[in-house]
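# Fold and contact review
Chain by chain, the residues:
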Amino acid sequence: MPSYHQYGISPQLVERVKLKMKNPAIKDRIKQMVDGLTRADLQDRPKVRRLVRTAASVLGERLSGTQEEQIVQFVIDQKIDPRNTLHLLRLWGMFR
């Protein structure tokens, strides 16, 4: 079971997002959004919340307050360093 499931994030939401990310225009907008993020940015709750809201908007997903909080907590708890290839590979493995 993927670790995002432990946070109450629905597999259906993850599958919808993965499908939408195959659209090159959406993928490019999301890539621009996350370009230049640091580990500190991804530990900053207000910044992560803004990222989640913006990404949901780009993806056309309406998130409840609970879903948003679950995703924010998941991102913070992963302690992701976007400059660390091993962290990115671990994330890739979670969502394949």
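Anything mentioned here points back to the structure above.
Residues numbered from 1 in each chain as written. Predicted model: local features only at pLDDT ≥ 70, side-chain atom pairs only at ≥ 80, totals over all residues. Heavy atoms only, no water.

### Considerations on unusual backbone geometry
Heads up, the rule is: Per the convention used, a helix needs a DSSP run of H or I reaching at least four residues, while a strand needs a run of E reaching at least two, with both numbered from the N terminus. Exposure is judged per residue with a 1.4 Å probe applied to protein chains only, and the accessible area is read against the type maximum: over 50% gives exposed, under 20% gives buried, and values in between give partly exposed.
The residue Lys 79 is not glycine, and still its phi comes out positive at about 50°. Structurally, Lys 79 is set in the loop between α4 (65-78) and α5 (85-95). On the basis of relative accessible area, Lys 79 is assigned to the partly exposed category, the value being 44%.

### So, helix α3 (residues 45-59)
For clarity, the cut-off: Expected span of a helix: the number of residues minus one, times 1.5 Å. Any two residues whose heavy atoms approach within 4.5 Å at even a single point are treated as in contact.
Given a rise of 1.5 Å per residue, 15 residues ought to cover 21 Å, and the 21 Å separating the end C-alpha atoms of α3 matches this to within 8%. Contact partners of the buried residues in α3: α1 (11-20), α2 (24-34) and α4. Where α3 terminates, the next one or two residues include Gly 60, which has phi positive at roughly 70°.

### Some remarks on the packing of aromatic side chains
Worth spelling out the cut-off: Whether two aromatic rings pair depends on their centres lying within 6.5 Å, for rings of Phe, Tyr and Trp, where Trp uses its six-membered ring; planes under 30 degrees apart make the pair stacked, over 60 edge-to-face, and the rest tilted.
Per the stated rule, a full pass over the model turns up one aromatic pair. Ring centres 5.3 Å apart and planes at 80° place the aromatic pair Tyr 7 and Phe 74 in the edge-to-face group. One end of the pair, Tyr 7, is in the segment before α1; the other, Phe 74, is in helix α4, and 67 residues separate them in sequence. The class for Phe 74 is buried, based on a relative accessible area of 5%.

### Section: the packing of α2 against α3
For the record, the criterion: Only the contacting stretch of a helix is used when fitting its axis, a line to C-alpha atoms as for every element, and angles between N-to-C directions run 0 to 180 degrees. When an angle is under 35 degrees it counts as roughly parallel; over 145 it counts as roughly antiparallel; between 65 and 115 it counts as roughly perpendicular; any other value is oblique. Crossings are classed by handedness, with left-handed meaning an anticlockwise turn of the near helix from the far one by less than a right angle and right-handed meaning a clockwise turn.
Packing of α2 against α3 brings their axes to within 10 Å, and their N-to-C directions diverge by 165°. Between α2 and α3, the interaxial angle falls into the category roughly antiparallel. Along this stretch, α2 crosses α3, giving a crossing that reads as right-handed. Counting all contacts with α2, which are made through Ile 26, Arg 29, Ile 30 and Met 33, the residues of α3 involved are Leu 51, Thr 54, Ala 55, Val 58 and Leu 59.

### As for the layout of surface pockets
We apply this condition: Throughout, the protein atoms alone are placed on a 1 Å grid, and a set of points is a cavity if a 1.4 Å probe fits but cannot get out or a pocket if it is open with protein on both sides within 12 Å along at least five of seven lines; lining residues have an atom within 4 Å of a point. Grid points are joined across faces, edges and corners, and a volume is the space filled by probe spheres set on the points. Under the scheme applied, nonpolar residues are Ala, Val, Leu, Ile, Met, Phe, Trp, Tyr, Cys and Pro; charged residues are Asp, Glu, Lys and Arg; polar residues are all the others, including Gly.
Volume-wise, the largest pocket comes out at about 1600 Å³. Surrounding the largest pocket, 36 residues form its lining, Met 21, Ile 30, Val 34, Leu 91 and Phe 95 being those nearest its centre. Put simply, the parts of the chain that give the lining of the largest pocket at least two residues each are α1, α2, α3, α4 and α5. Per element, the largest residue contribution to the lining of the largest pocket is six residues, and it comes from α3. Here the residues of the lining of the largest pocket are counted per class, giving 27 nonpolar, one polar and eight charged.

### Section: the nonpolar core
Heads up, the rule is: By nonpolar core is meant a set of buried Ala, Val, Leu, Ile, Met, Phe, Trp, Tyr and Cys residues that side-chain atoms within 4.5 Å join together.
Counting 17 residues, the largest nonpolar core has Ile 9, Leu 42, Val 48, Ile 71, Phe 74 and Val 75 as its most contacted members. Of all the secondary-structure elements, those providing two or more residues to this core are α1, α3, α4 and α5. Of all the elements, α4 adds the most residues to this core, at five residues. If we ignore the near neighbours within four places in the chain, the residues touching Val 48 are Asp 41, Leu 42, Gln 43, Val 72, Val 75 and Ile 76. If you look at the next biggest cluster of nonpolar residues, it comprises five residues, including Ile 30, Ala 55, Val 58 and Leu 59.

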